[in-house]
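Observations on chain architecture
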Amino acid sequence: MTEILSTPAIPAIVRDILASLGIGTDRFQGGTLVVTSPIDGTPIAAVPETTASDVAAAISRAQAAFLQWRTVPAPRRGELVRRLGEELRVNKAAVGRLVTIEVGKSVSEGLGEVQEMIDICDFAVGLSRQLYGLTIQSERADHRLIAFGGPRPHVASGCLRRHGHGGPALHDAKAPDCA
Amino acid sequence: MGTAGQRCTTLRRLIVHESVYDVLVPKLVSVYESISVGDPLTGDALVGPLIDGAAFEAMQRSLAAAREAGGTVHGGARVDINGKDSFYVRPALVEMPSQVGPVVEETFAPILYVLKYRNLDQAIALHNGVSQGLSSSVFATDMREVERFLSAQGSDCGIANVNMGPSGAEIGGAFGGEKETGGGRESGSDAWKAYMRRQTSAVNYGRGMPLAQGVKFDVDEGSAQV
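Residues numbered from 1 in each chain as written. Chains lettered and ligands numbered in written order. Predicted model: local features only at pLDDT ≥ 70, side-chain atom pairs only at ≥ 80, totals over all residues.

A count of helices and strands for chain B gives five helices and 13 strands. Overall size of chain B, expressed as C-alpha extent along the three principal axes, is 90 × 45 × 30 Å. For chain B, the residues scored as buried account for 33% of the 226 residues in total. For chain B, the proportion of contacts with a sequence separation of at least 24, taken over those separated by at least 6, is 56%. (Helix = DSSP H or I, 4+ residues; strand = E, 2+ residues; numbered from the N terminus. Buried ≥ 20, exposed ≤ 12 C-beta atoms within 10 Å, placed from the backbone. Contact = placed C-beta atoms within 7 Å.)

Rendered as structure tokens:
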């Protein structure tokens, strides 16, 4: 059996990448949920698990934030998404490598996952200044109908480790809510 | 074979016309035998590892079931890379006499089942004869065949491509599928509207109070006094 230990320090690479993204080791070490890299099976993180009360608290904070966020005009909300896209551009190589380490995609495919997030951000920024509604003729006299989109309240979003998909930490960023 | 066959849009079934089967399939088998499998961080391998041991077991179960159903399996064995805790495999190409067993199931592994067809209607019937309906594609230069594949009598999937594989969608179009692989659409086209709260408002700028659908619900003053 020829064992090729190609990258002996995958956990170190993960630490360096996350440090470069401003994520300290306390966020992904010392927890109970062990994450391994399919590349060589080594543990790369032990993520703290969220309790039911943590989730309830997070939902409460999200609801409080939404009450503020819904008053921000759509093009201004789009500006935040534009900046998210810029962050992804700046860190594309690092985040793409993280995808490769976490799910075993080729480097090119890992980068493609990040590019998809960037594309989604661009799309959302454009939409944020093109949120048209409809005015519809009413069947009743002296009436008119209007249909218009507004911001949705927060939605709970699961982080599942799905086979073949992008890193769970990243995947939810694919649908930034410009709305 | 991209993402070691673990993409939701990975090509699982290849339905080949009988006139080109004997030329195409041996070429494909030789590609499957020679494609680079390896550590994605250290080289330019096109096929990386399976996600874990359970994925490897699932793949081997599907290959065994395919053999039992009369399939001829090329490849599919474990490749010795990076030790016992990682699971690299040679992608498998499986020639199947009919669409049964693992062919109609999702395994999320690098297995391509190859089936033979005689006419397009038969191919489309095979194509649609499974419980999944996310992504599909046709390779053809015959405009009638292409348009038929894209028509109401053609592919029943949420994604139907022409002269390319079924994976690697752009974000500009709506992404999503039908049947067991359904669940709405995301990204472009009009799918993004689901991310917003659509509100319909009826505005009355007159003095009357007419109801929709001509419904009458008038309360006279007499009956209002109890």
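Picking up after the structure, the text goes on.
Residue and element names in this part refer to chain B. Looking at the assigned domains, one finds that chain B contains domain 1 (1-118) and domain 2 (131-196). Of note, the centres of domain 1 and domain 2, computed from C-alpha atoms alone, are 23 Å apart. Facing the eight residues of domain 1 at the interface are eight residues of domain 2. A breakdown of the residues in the side of domain 1 that touches domain 2 according to their chemical character gives three nonpolar, three polar and two charged. (Domains from an automatic or database assignment. Nonpolar A, V, L, I, M, F, W, Y, C, P; charged D, E, K, R; others polar.)

Each partner contributes residues to the interface: chain A has 42 residues there, and chain B has 45 residues. Broken down by secondary-structure element, the contributors of at least two residues to the side of chain A that touches chain B are helix H4 (92-103), helix H5 (107-128) and strand S4 (143-150) of chain A. Broken down by element, the residue count for the side of chain A that touches chain B peaks at eight residues, all from S4(A). Considering only residue class, the side of chain A that touches chain B consists of 17 nonpolar, 13 polar and twelve charged. Bridge count between S4(A) and strand S13 (residues 197-204) of chain B: eight bridges; the pairing is antiparallel. Within S13(B), the position partnered with Gly149(A) by the bridge is Arg198(B). (Pairing = 2+ DSSP bridges.)

Once that is clear, we can look at helix H2 (residues 53-68) of chain B. Residue and element names in this part refer to chain B. An ideal rise of 1.5 Å per residue puts 22 Å on 16 residues; H2 measures up with 23 Å between its terminal C-alpha atoms. Turning to H2, its buried residues number three or more, namely Ala55, Ala58, Met59, Ser62, Leu63 and Ala66. The buried side chains of H2 occupy one side of the element, clustering within an arc of 135 degrees when seen end-on. Looking at H2, the residues exposed on the side facing more than 90 degrees away from the buried face are Ala54 and Glu68. At its buried positions, H2 is contacted by strand S2 (72-74), strand S4 (88-89), strand S5 (92-95) and strand S6 (111-117). Immediately downstream of H2, the backbone of Gly70 shows phi near 95 degrees, a positive value. (Expected span 1.5 Å × (residues − 1). Arc of directions from axis to C-beta.)

Reading across from one edge, S3(A)-S4(A)-S13(B) is the order of the three strands in this open sheet, with antiparallel pairing throughout. In this open sheet, the two strands that pair with only one neighbour each are strand S3 (134-137) of chain A together with S13 of chain B. When strand polarity is set aside, the average angle formed by the axes of neighbouring strands in this sheet is 20 degrees. In this sheet, S4(A) lies alongside S3(A) in antiparallel orientation, the contact comprising four bridges. What sits directly across from Thr135(A), in S4(A), is Ile146(A). (Axes fitted to C-alpha atoms, helices over the stretch in contact; angles between N-to-C directions.)

Moving on, we get to the domain arrangement of chain A. When the parts of a complex come together, some accessible area is lost, and that lost area is often taken as the interface size. Residues and elements named next belong to chain A. Its domain assignment divides chain A into domain 1 (1-49) and domain 2 (51-174). Between domain 1 and domain 2, the residue contacts involve ten residues of the former and eight residues of the latter. Per-element tally for the side of domain 1 that touches domain 2: the top contributor is helix H1 (residues 10-20), with five residues. Class assignment for the residues of the side of domain 1 that touches domain 2 results in eight nonpolar, two polar and no charged.

Residues and elements named next belong to chain B. Positive phi is not limited to glycine here, since Asn82 has a value of about 60 degrees. Its location among the elements puts Asn82 in the loop between strand S3 (78-79) and S4. Residue Gln213 is not a glycine yet carries a positive backbone phi of 60 degrees. Mapping Gln213 onto the fold places it in the loop between S13 and helix H5 (221-224).

Let's shift gears to the sheet that holds S6(B). Pairing between sheet strands relies on hydrogen bonds along the backbone, with the strands arranged either parallel or antiparallel. All names here are of chain B. Taken in spatial order, the four strands of this open sheet run S1-S6-S5-S2, and their pairing is mixed. Of all the strands in the sheet, the pair left with one neighbour each is strand S1 (13-17) and S2. When the angles between neighbouring strand axes are averaged without regard to direction, this sheet yields 25 degrees. Together, S1 and S6 form the strand contacts of helix H3 (residues 120-128), whose direction differs from that of S6 by roughly 150 degrees.

Each regular strand carries side chains that alternate between the two faces of the sheet. Relative to strand S2 (residues 43-47) of chain A, strand S1 (residues 33-36) of chain A runs antiparallel, the two being bridged by four bridges. In the strand pairing of S2(A), Val35(A) is matched with Ala45(A).

Right, let's get into the nonpolar core. One finds Leu50(B), Ala55(B), Met59(B), Val94(B), Ile111(B) and Tyr113(B) to be the most contacted residues of the largest nonpolar core, which totals 48 residues. Per-element tally for this core: the top contributor is H5(A), with seven residues. (Core = buried A, V, L, I, M, F, W, Y, C linked by C-beta atoms within 7 Å.)

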